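Observations on the model geometry
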Amino acid sequence: MSALALLGAFGTLLVAGYGLLTLLVRQKIGLSLTEQIAFSWLLGTGAVSLLLWIFGLFVHGMLLPGLVSIVCLSLGFVGWRRTVPLPLRRTPNSFEIFLGIIIVIEIAILFYLSFVHTLGWDGLLNWEIKARYAFANGGVLPATYFSDSGRAFSHPEYPLAIPFTELWLYLWLGEANQFCAKTIFPIFYVVGTFLLVALGKRLTGRTWIGLLMAAFLFFVPQITVEVGSAIGGYADFPLSVFYLATIGCLFCAGEPKSDAFFRLYAAFLALLPWVKRDGVILWAVAAACGVFVILRTKRSPLFFLEFLPGLLIICGWHFYLSSMHALQPADFLPVNLETFGSHLYRIPPLLSAFLAEFYNHPTWSLFWFVVAIDLAYLLHRMGDPRVLVLLVALIVPIFLYLLIYVFSSWPSYLDHVGLSISRLLMHVAPVGFLVTTLAVSCRSEKNSARVREGGAVTCVTAGSERTPVVELA
Amino acid sequence: MTSHFSYGRIAHVMLWCGLAVALLGVSIPKIYSGATEHPLHSTGPLHTCDSYLKFATGASGASKDLISIFQSMNASRRIIIFTRKDDAFSSGLGMTTAYLASPHLVRLFEINGTHPDKELSKMNPDEVAAVVFCRINRPTWLPAGKVFGSGLEVVSMPEKVR
């Protein structure tokens, strides 16, 4: 019975996401099956959690899941009427099949790990707690929760994408179940691997590079087994997958006639601040990159309107918290020039702490070392605006994360860093894999013949052979 | 042929192969130990709370009992939870108990030492449904409460005490 209920919950999420995907793509581009599944899941979790929150302002009890289900099914009907075209398929070679098998084994291990581990500390007390309380209160978070000082430790101000996805499962299951709630996190891992495969192919024109990157995702301990990894019920890994989708779509939107990718980018961009509060920083960076792409591709100013949904979510959530008299977070001092000036002395120790984290092999293995080599590889391609966007999306959030600790209100700000830095860096790690994908394919891309594979034109253009103006004009 | 087997291409392939092997060499032991150190936990709806409480107090399946106790109390009154400063176990127990105490409002007190008499004496008992001691000694003037394993005690505040 539980399995059926879970299938129902996941099915409605995917159906709603697929419906939204078809509306955004408008049959303008072909998306592979892995892309369609990955995008559908991300859009579905975002849409269902937003619908639960918005409808929950007006109704609660049985009516709430009923209304959300009707919207999901309606979106599914839209998706059924206007399917996204699949590109031509080709037979995979033996190396691709081998890598595919490795990835399947890794996914199976990750599901196993997710089930044998409990929810992590934050997974329970920051995220699942909201789903449980909302479920017990007819699908709506109790107003008292936001102002209860005794539960300030659970950060009532955190946004609801993850807890309300868990809530959606609970509403289908008919009970709050910490074990079943864990199932959504390995699915985000699956989505992350699917995106790396698909984007790897789009960036390089070669399926095996995407498969290889997806296979190596498993071998970053911070993503697989460390505190805050993809199995612990934290929002950090899902946020990193949303960010990967955002930046990947923006990279593809840098090509001519890729408005569909720009719409997808805007949709994932809007969801970043809805997944985690830190998503606002990622939103700002990705939005700045989006502005750059709009200007470089000489798109219509109307494209700036696509930043509106994200702004609405940021302002809407802020307004909601104010109206609920939510407690102010106590982890940071007021962000202003005066505080910044008086805490500048923190920057050198913070830089040291960040550098030490990059060398933290038990947590990151050689991942950041590889990223450093990627940067060296891609220096000569900095003139390519899309590569520049990718590098900015990787590097700038790291510096902004470093800067926010300048405003830490913890008695020992370095303890604050030590407790959260690895999870913050994880937000950009999948984008680091995209950068690696480009670096690995760097030499082979000089052969422009390789930008086509299996008869289908990919998102890659032989960047090193084109001027930036041609690239984006 | 030249382009396929140039020195640059060979160096490129060797670099990335070397990096891949090194990364696997560093990662696999860590991931293996992380993957094998945990036995399969229960699959119940409260399995994470149960695991936390068992780890901190030794009591099995305590979550359900705690929820029953809290649900039997007047929901309009607060739950007061005492934890010890600089004791991660105590703090963890306190937060887990606060999680389970819904829909009651809770108030967490982090105190130095193990005797909360001073804080208790300042409280209005009419507003309190229960007092929870997380690795803290219950004052002798309070009636004994329900004890969970070692270190967790819930003292409900019945009418006659108030």
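Notes on the structure in this doc start here. On a predicted model such as this, the values are computed, not experimentally measured, just so you know.

1. Re the overall build of chain B
Scanning chain B from N- to C-terminus turns up five helices and five strands. Seen in sequence order, chain B has helices and strands lined up from the N terminus as α-α-α-β-α-β-α-β-β-β. For chain B, whose C-alpha radius of gyration is 26 Å, the value lies well above the compact-globule estimate of 15 Å for 162 residues. Taken over the C-alpha atoms alone, chain B extends approximately 95 × 35 × 25 Å along its principal axes.

2. Observations concerning the environment of Ile-162 of chain A
Residues and elements named next belong to chain A. Relative to the elements of secondary structure, Ile-162 occurs in helix α7 (residues 161-173). By relative accessible area, which is 1% here, Ile-162 ends up buried. With 197 residues separating them in the primary sequence, Ile-162 and Tyr-359 have C-alpha atoms 30 Å apart. In contact with Ile-162, not counting residues within four places along its chain, are Ile-184, Phe-185, Phe-188, Ala-235, Pro-238 and Val-275.

3. Focus: the interface of chain A and chain B
Contact residues are listed per partner, giving 50 residues for chain A and 46 residues for chain B. For the pair chain A and chain B, the number of links is one salt bridge. Residue Lys-30 of chain B is joined to Glu-226 of chain A by a salt bridge in which the shortest nitrogen-to-oxygen separation is 2.6 Å. Across the contact surface, chain A and chain B share 24 residue pairs in polar contact (both at pLDDT 80 or more). Elements that contribute at least two residues to the side of chain A that touches chain B include exactly α4 (94-116), α5 (121-136), α8 (178-181), α11 (221-224), α18 (361-364), α19 (367-378) and α22 (429-440) of chain A.

4. Some words on the nonpolar core
Of all hydrophobic cores here, the largest spans 202 residues; its most connected members are Leu-42, Leu-195, Tyr-243 and Leu-264 of chain A together with Ile-79 of chain B. What Tyr-243 of chain A contacts, discounting residues up to four positions off in sequence, is Leu-272, Leu-282, Val-285, Ala-286, Ala-393, Pro-397, His-427, Val-428 and Val-431 of chain A. Ile-80, Ile-111, Met-123 and Phe-133 of chain B belong to the second largest nonpolar core, which has 13 residues in total.

5. Brief notes about helix α12 (residues 236-253) of chain A
Spanning 18 residues, α12 of chain A covers 25 Å between terminal C-alpha atoms, matching the ideal 26 Å at 1.5 Å per step. Burial of α12 of chain A is extensive: 18 of the 18 residues sit out of reach of the surface.

6. Notes on the packing of helix α9 (residues 184-204) of chain A against helix α10 (residues 207-217) of chain A
All names here are of chain A. Running from amino to carboxyl end, α9 crosses α10 at an angle of 150°, the nearest separation of the two axes being 7 Å. With respect to each other, α9 and α10 are oriented roughly antiparallel. For the crossing formed where α9 meets α10, the hand is right-handed. Here α9 contributes Tyr-189, Thr-193, Leu-196, Val-197, Gly-200, Lys-201 and Thr-204 to the contact with α10, which in turn contributes Thr-207, Ile-209, Gly-210, Leu-211, Met-213, Ala-214 and Leu-217.

7. As for the pattern of salt bridges
Residues and elements named next belong to chain A. Evaluated as defined, the whole model comprises 15 salt bridges over all chains. Notably, a salt bridge pairs Arg-423 with Asp-122, separated by 3.5 Å at the nearest N-O pair. Residue Arg-423 is located in helix α21 (residues 413-426), and its partner Asp-122 is located in helix α5; the two are separated by 301 residues in the primary sequence. The residues Arg-423 and Asp-122 share a single accessibility class, namely buried. Residue Asp-259 is joined to Arg-299 by a salt bridge in which the shortest nitrogen-to-oxygen separation is 3.2 Å. Here Asp-259, found in helix α13 (residues 259-275), pairs with Arg-299, found in the loop between α14 (279-296) and α15 (308-323); they are 40 residues apart in sequence, far enough to count as distant.

8. So, the side chain of His-104 of chain B
Checked against the element boundaries, His-104 of chain B lands in the loop between α4 (88-100) and β2 (106-111). In contact with His-104 of chain B, not counting residues within four places along its chain, are Asp-148 and Arg-151 of chain A together with Phe-70, Met-73, Asn-74, Ala-75, Arg-77, Ile-79 and Ala-129 of chain B.

9. Thoughts on the environment of His-60 of chain A
Residues and elements named next belong to chain A. Along the chain, the position of His-60 falls in the loop between α2 (33-55) and α3 (63-81). Taking relative accessible area as the criterion, His-60 reaches 56% and is therefore assigned exposed. Residues His-60 and Leu-50 lie 10 residues apart in sequence; the distance between their C-alpha atoms is 14 Å. Each residue touching His-60, except ones within four places of it in the same chain, is listed here: Asn-137, Gly-138 and Val-140.

10. Considerations on the packing of aromatic side chains
This model, assessed by the stated rule, comprises 39 aromatic pairs over all chains. On the basis of an interplanar angle of 40° and a centroid distance of 5.3 Å, the ring pair of Phe-39 of chain A and Phe-268 of chain A is categorised as tilted. Highlighted residues: Phe-39 of chain A in helix α2 and Phe-268 of chain A in helix α13, separated in sequence by 229 residues. Like Phe-39 of chain A, the residue Phe-268 of chain A is buried in the burial classification. Each member of the aromatic cluster is reached from another via a ring pair, and the members are Trp-53, Tyr-133, Tyr-145, Phe-146, Trp-274, Trp-317 and Tyr-320 of chain A together with Tyr-99 of chain B. Geometry around Phe-303 of chain A places Arg-299 of chain A over its ring, the cationic atom sitting 5.3 Å from the centre. Sitting above the plane of the Phe-148 of chain B ring, Lys-146 of chain B keeps its charged end 5.7 Å from the centroid.

11. With respect to the packing of α2 of chain A against α7 of chain A
Residues and elements named next belong to chain A. Their axes nearest at 8 Å, the elements α2 and α7 cross at an angle of 80°. By the angle between their directions, the pair α2 and α7 is classed as roughly perpendicular. Contacts between α2 and α7 pair Thr-45, Val-48, Ser-49, Leu-52 and Trp-53 from the former with Ala-161, Phe-164, Thr-165, Leu-167, Trp-168 and Leu-171 from the latter. For the contact of α2 with α7, the per-class residue count stands at eight nonpolar, three polar and no charged.

12. A closer look at α14 of chain A
Residue pairs spaced three or four apart in an α-helix point in one direction, given the helix's 3.6 residues per turn. Residues and elements named next belong to chain A. For α14, which comprises 18 residues, the first-to-last C-alpha distance of 25 Å matches the rise-based estimate of 26 Å (1.5 Å per residue) to within 8%. Among all positions of α14, only Gly-279, Ile-281, Leu-282, Trp-283, Val-285, Ala-286, Ala-287, Cys-289, Gly-290, Val-293 and Ile-294 are buried. Lys-298 sits one or two positions beyond α14 and adopts a positive phi of about 55°.

13. Concerning unusual backbone geometry
Residues and elements named next belong to chain B. At the junction of Ser-102 and Pro-103, the peptide bond is cis and its omega measures out at 10° in the coordinates. By the secondary structure assignment, Pro-103 is in the loop between α4 and β2. We note that Arg-135 has phi near 55°; this positive angle belongs to a residue other than glycine. Of note, Arg-135 is situated in the loop between β3 (128-134) and β4 (146-148).

14. A closer look at the pairing of β3 of chain B
Residues and elements named next belong to chain B. Burial of β3 is extensive: seven of the seven residues sit out of reach of the surface. The sheet contact formed by strand β1 (residues 78-84) and β3 spans five bridges and is parallel. Its bridge partner lying in β3, Arg-78 is registered against Val-128. With five bridges connecting them, β3 and strand β5 (residues 152-156) associate as antiparallel partners.

15. Structural notes on the sheet that holds β1 of chain B
All names here are of chain B. Read across the open sheet, the five strands follow the order β2-β1-β3-β5-β4; overall the sheet is mixed. Edge positions in the sheet fall to β2 and β4, since each has one partner strand and no second. Strand-to-strand twist in this sheet, taken as the mean axis angle between neighbours without regard to direction, amounts to 20°. Of the pairings in the sheet, the one linking β1 to β2 comprises six bridges and is parallel in character. Its bridge partner being in β2, Ile-80 is matched across the sheet by Arg-107.

Criteria and cut-off values
- Residues numbered from 1 in each chain as written.
- Chains lettered and ligands numbered in written order.
- Predicted model: local features only at pLDDT ≥ 70, side-chain atom pairs only at ≥ 80, totals over all residues.
- Heavy atoms only, no water.
- Helix = DSSP H or I, 4+ residues; strand = E, 2+ residues; numbered from the N terminus.
- Rg over C-alpha atoms; globule rule 2.2 N^0.38 Å.
- Buried < 20%, exposed > 50% of the residue type's maximum accessible area, 1.4 Å probe, protein only.
- Contact = heavy atoms within 4.5 Å.
- Salt bridge = Lys/Arg side-chain N within 4 Å of Asp/Glu carboxyl O.
- Polar contact = N/O pair within 3.5 Å; in protein donor to acceptor, adjacent residues only side chain to side chain.
- Core = buried A, V, L, I, M, F, W, Y, C linked by side-chain atoms within 4.5 Å.
- Expected span 1.5 Å × (residues − 1).
- Axes fitted to C-alpha atoms, helices over the stretch in contact; angles between N-to-C directions.
- Parallel < 35°, antiparallel > 145°, perpendicular 65-115°, else oblique.
- Left-handed = near helix turned anticlockwise from the far one by under 90°.
- Phe/Tyr/Trp six-rings, centres within 6.5 Å; stacked < 30°, edge-to-face > 60°.
- Lys NZ or Arg CZ within 6 Å of the ring centre and 35° of its normal.
- Nonpolar A, V, L, I, M, F, W, Y, C, P; charged D, E, K, R; others polar.
- Pairing = 2+ DSSP bridges.

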